[in-house]
Amino acid sequence: MSTRLFQVWRGDAEQGGLVDYEVEVQEGMVVLDAVHEIQRTQAGDLAVRWNCKAAKCGSCSAEVNGKPRLMCKTRLDELPEGQPVRVEPLRAFPLIRDLVTDVSWNYEVNKLIPPFTPRPGVEWRMGQADVDRITEFRKCIECFLCQDVCHVLRDHDLKSRYFGPRFMVRIAALEMHPLDGLDRTELLAHAGGIGLCNITKCCGDVCPEHIKITDNAIIPLKERVVDRFYDPLPIFGRRLRSAR
Amino acid sequence: MERQHDVLVIGAGMAGMRAAIEAHELGADVALVSKLHPTRSHSGAAEGGINAALGNASEDSPESHAFDTVKGSDYLGDQDAIEILCTEAPADVYQLERWGAVFSRTEDGRIAQRPFGAAGAPRTAYAADITGHVLIQVLYEQVCRRDLLVYEEYFAWQLVEHDGRCQGVICWDLLNGGLKAIGAKTVILATGGPGRIYLGTTNAYACSGDGIAMALHAGVALEDMEMQQFHPTTLSPTGVLITEGCRGEGAYLLNKDGERFLERYAPHAMELASRDVISRAEQSEIDEGRAIDGNVLLDLRHLGAERILERLHGTRELSLVFAGVDPIYEPIPVRPGAHYHMGGIDTDVWGATSLPGLYAAGECACVSVHGANRLGGNALMETVTYGRRAGAAAAEFALSHPTVEVPEAAERDAERELKTLLDRTSGERPWKIRDELGASMLENFGVFRREDAMEKQVEIIEGLRERYRSVVVEDKGDVFNSDLTQAIELGNMLDIAACMVTAGIWRKESRGAHARPYDYPERDDENFLVHSLARWTDGGVALDTTPVRFTKWEPTERTY
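This structure is a prediction, so every number in the text was calculated from the model and none was measured.

1. Quick notes on the overall build of chain A
Item 1. Counting secondary structure elements, chain A contains ten helices and seven strands.
Item 2. Overall size of chain A, expressed as C-alpha extent along the three principal axes, is 80 × 40 × 30 Å.
Item 3. Residues classed as buried in chain A amount to 43% of the 244 residues present.
Item 4. Restricting the contact set of chain A to residue pairs at least 6 apart, pairs at least 24 apart contribute 63%.

2. A word on the domain arrangement of chain A
Residues and elements named next belong to chain A.
Item 1. Along its sequence, chain A is organised into domain 1 (2-101) and domain 2 (104-243).
Item 2. Each of domain 1 and domain 2 has a C-alpha centre, and the two are 31 Å apart.
Item 3. Counting residues at the interface gives eleven residues for domain 1 and twelve residues for domain 2.
Item 4. Of the residues assigned to the side of domain 1 that touches domain 2, the class counts are six nonpolar, two polar and three charged.

3. A closer look at the interface of chain B and chain A
Item 1. Listed by partner, the interface residues are 39 residues for chain B and 35 residues for chain A.
Item 2. Elements with a minimum of two residues in the side of chain B that touches chain A: helix 3 (79-98), helix 4 (131-145), helix 9 (313-323) and helix 14 (482-506) of chain B.
Item 3. Tallying contributions element by element places helix 4 of chain B first for the side of chain B that touches chain A, with six residues.
Item 4. In the side of chain B that touches chain A, the residues fall into 18 nonpolar, eleven polar and ten charged.

4. Notes on the domain arrangement of chain B
Residue and element names in this part refer to chain B.
Item 1. When the domains of chain B are assigned, the result is domain 1 (232-337) and domain 2 (408-523).
Item 2. Measuring from the centre of the C-alpha atoms in domain 1 to the corresponding centre in domain 2 gives 31 Å.
Item 3. The partner domain 2 presents five residues to the five residues of domain 1 that form the contact.
Item 4. With four residues, helix 7 (residues 275-287) is the single largest residue contributor to the side of domain 1 that touches domain 2.

5. Overview of the sheet that holds strand 3 (residues 50-51) of chain B
Residues and elements named next belong to chain B.
Item 1. In space, the three strands of this open sheet follow the order 3-5-4, with antiparallel pairing throughout. Looking along the sheet, the strands with just one partner apiece sit at the ends: strand 3 and strand 4 (113-114).
Item 2. Strand direction decides the pairing type here: strand 4 and strand 5 (residues 124-125), joined by two bridges, are antiparallel. Each bridged residue has a counterpart across the sheet, and for Gln113 the counterpart in strand 5 is Ala125.

6. Remarks on the environment of B:Glu557
Item 1. Relative to the helices and strands, B:Glu557 resides in the segment after strand 19 (540-547).
Item 2. Linking B:Glu557 and B:Lys432, residues 125 residues apart in sequence, is a C-alpha distance of 43 Å.

7. Quick word on the sheet that holds strand 10 (residues 222-223) of chain B
What links the strands of a sheet is backbone hydrogen bonding, and the strands pair in either a parallel or an antiparallel sense.
Residues and elements named next belong to chain B.
Item 1. Pairing is mixed in the open sheet, where five strands are placed in the order 17-15-10-18-19. Sheet topology places strand 17 (365-366) and strand 19 at the edges, where each strand pairs with a single neighbour.
Item 2. One ladder, built from two bridges, connects strand 10 with strand 18 (residues 530-537); its direction is antiparallel. Its bridge partner being in strand 18, Leu222 is matched across the sheet by Ala534.
Item 3. Along the sheet face, helix 5 (residues 210-217) touches strand 10, strand 15 (344-346) and strand 18 and points at about 40° away from the line of strand 15.

8. Some details on the pairing of strand 1 (residues 2-11) of chain A
Residues and elements named next belong to chain A.
Item 1. Here ten bridges tie strand 1 to strand 2 (residues 16-25), and the two strands are oriented antiparallel to one another. Bridging from a neighbouring strand, Trp9 pairs with Leu18 of strand 2.
Item 2. Linking two consecutive strands that pair antiparallel, namely strand 1 and strand 2, is a turn of four residues.

9. Describing the packing of helix 12 (residues 430-444) of chain B against helix 14 of chain B
The packing of two helices is summarised by the inter-axis angle and the distance between the axes.
Residue and element names in this part refer to chain B.
Item 1. At a closest axis distance of 10 Å, the pairing of helix 12 and helix 14 adopts a crossing angle of 30°. Between helix 12 and helix 14, the crossing angle belongs to the class labelled roughly parallel. For the crossing formed where helix 12 meets helix 14, the hand is left-handed. Residues Pro430, Ile433, Arg434, Leu437 and Met441 of helix 12 form the contact with helix 14, whose participating residues are Gln486, Ala487, Leu490, Met493, Leu494 and Ala497.
Item 2. Across the contact of helix 12 with helix 14, the residue classes tally to nine nonpolar, one polar and one charged.

Cut-off values and rules
Residues numbered from 1 in each chain as written. Chains lettered and ligands numbered in written order. Predicted model: local features only at pLDDT ≥ 70, side-chain atom pairs only at ≥ 80, totals over all residues. Helix = DSSP H or I, 4+ residues; strand = E, 2+ residues; numbered from the N terminus. Buried ≥ 20, exposed ≤ 12 C-beta atoms within 10 Å, placed from the backbone. Contact = placed C-beta atoms within 7 Å. Domains from an automatic or database assignment. Nonpolar A, V, L, I, M, F, W, Y, C, P; charged D, E, K, R; others polar. Pairing = 2+ DSSP bridges. Axes fitted to C-alpha atoms, helices over the stretch in contact; angles between N-to-C directions. Parallel < 35°, antiparallel > 145°, perpendicular 65-115°, else oblique. Left-handed = near helix turned anticlockwise from the far one by under 90°.

Okay, here's the thing in structure tokens:
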């Protein structure tokens, strides 16, 4: 039975810091197991969110050794030996206590996005290829690791101007649904702030569901915005057609 | 009292959200209470699919679906409830599609259906291998579209009963602290299953059966509590679920000799026999020494990398992360794990309980559509169909009954009880009691049951409940005190476990998931073709029975 040193952030919005905990570790353990062990035997008041422990619910997001990770999916044997394991809350969001942050901004943004609305009189048939395209986006478990890492939200604090990668994925799932009848391009261009994304692809790097956020969601949506608002040829073409 | 509503739904998983949507459609003022953000609920972990007789993959009918469900239930399911489920299921599935659910499709663009355990025809509609996840998002989108109020991260603790009616609920506000009483003309419990009673379970940590315990403490009877389904393919020791969909795609189950052992237990259906049959087969192989480290092997290799990556990518990922195994090259070690509870709060076919104003739907309820064993794909269907029905019934009751009153005495009593718990400084920490409960239930009330082990378990639970009386909550704070809520959850689980084992001892036969191969190996229709009913009294668990409701099908021998 060996032990490892964990440094877990404790505190609230006013004050706090990393606290050392020595934890007994076993083969196959994940970071969440260690956090639970600390809660059980050393710090019964450690605040943390978790639920499914199978990387499906998106509750246990944190920053492990500085990287946004799901704690239930981060095996101890993939972290460098001989170094303490640092566990911190998601820094892009206001802190509630210890590892629990206030992610409600995301839920507010969600409400700004018009939901699935079928085209009137549509026939309910779809091709598997279309389903596959949006199933990739639907895999999103709303862990908000992508939101946490996006420099626009995290470093520039532009939550009032950019929805963030998760919501680009959500809008893509709606826009690319073959039977949806709404157009969210205007939303993307203005309130959604898609122009603020400069395609650094950090979001895709941290996505636990391996969604190709930038390539499959953001870039195609950017192209729609460009076609509608910026590219002179399609704009001129549309004007000509509507003048006739 | 904080606020009051017409319909208050406790639990915001699929059943809860579907109920809330329906009640709102009918004009009721609805709110939901959830100890988690709604989309974190365990419905989202369901993978395999949702059953309905759409007839897209082959000839099918609601009657055929109903028969498979009745047989699957080992004839303990109430046939009127089952017929309702199977008849209304197709319309409910199409409704989900219209709300944006992206199901996998057939060649000609209709909703695809695949074979699943113990089904006579392929009728399981699916969204890749994330069906529950897609559906919970779809329902949440509908909840948001209707601007339904969600008391998020509120831990529902006690039902308020007054004047012979359920009048609301008292909650602990997990984010800010403090007890909050919410009044409601009707309450719908949709809190899911109690799987966390077991050490090896597929269930999330929040699955502590809170609603079942709340109903129990309010005097409502719990039905068929002994019926606990063990899913045959779970990882050890985490309990992570490997979907039945693998077997639907053609995976094999092997013992340590590389034998497809189901040949000896279910020669016709093989890997697609019903879950209780397979779990028992696996447990026998394990008990008789033909397993490896307590596991049998789920072999996907012959399906080929392309099919695995296309249809079972989630499974492969889980296997890599939680078992350290790549199923393209190696079989996955699996064993039975506590998965789904067929029993629960006794309701009628509209979700109504014996307490006026109190309803229940989903896994926490027992209508009963699953009897002694549930078919894969029927749970998601039940949450939608019976969630809708409970929502409709609750709305109708609320809109035709006068307003509510949460008596001050109820709030004061709760405050006092809470203070006693929080003031305690010496005693035992919850985790030890919880671990002992989990391990002992797995050992003495697992796949195979015997009289002496169950009797021992009743005593063990009594001992744990005694120790629980002096449980200590270390965190005395207000903000995000999960130490407190976990302690309350433990109390719920202990009471539910007592009901489960007591009912198990009473049922002196083997039926469905309740397997007693050593003392009562046969099914006994003459004496036990009845549901068990458990009630909480000062003296302990009191048992009663209620007859099974028959419509079309006489019980016959159940083989696959």
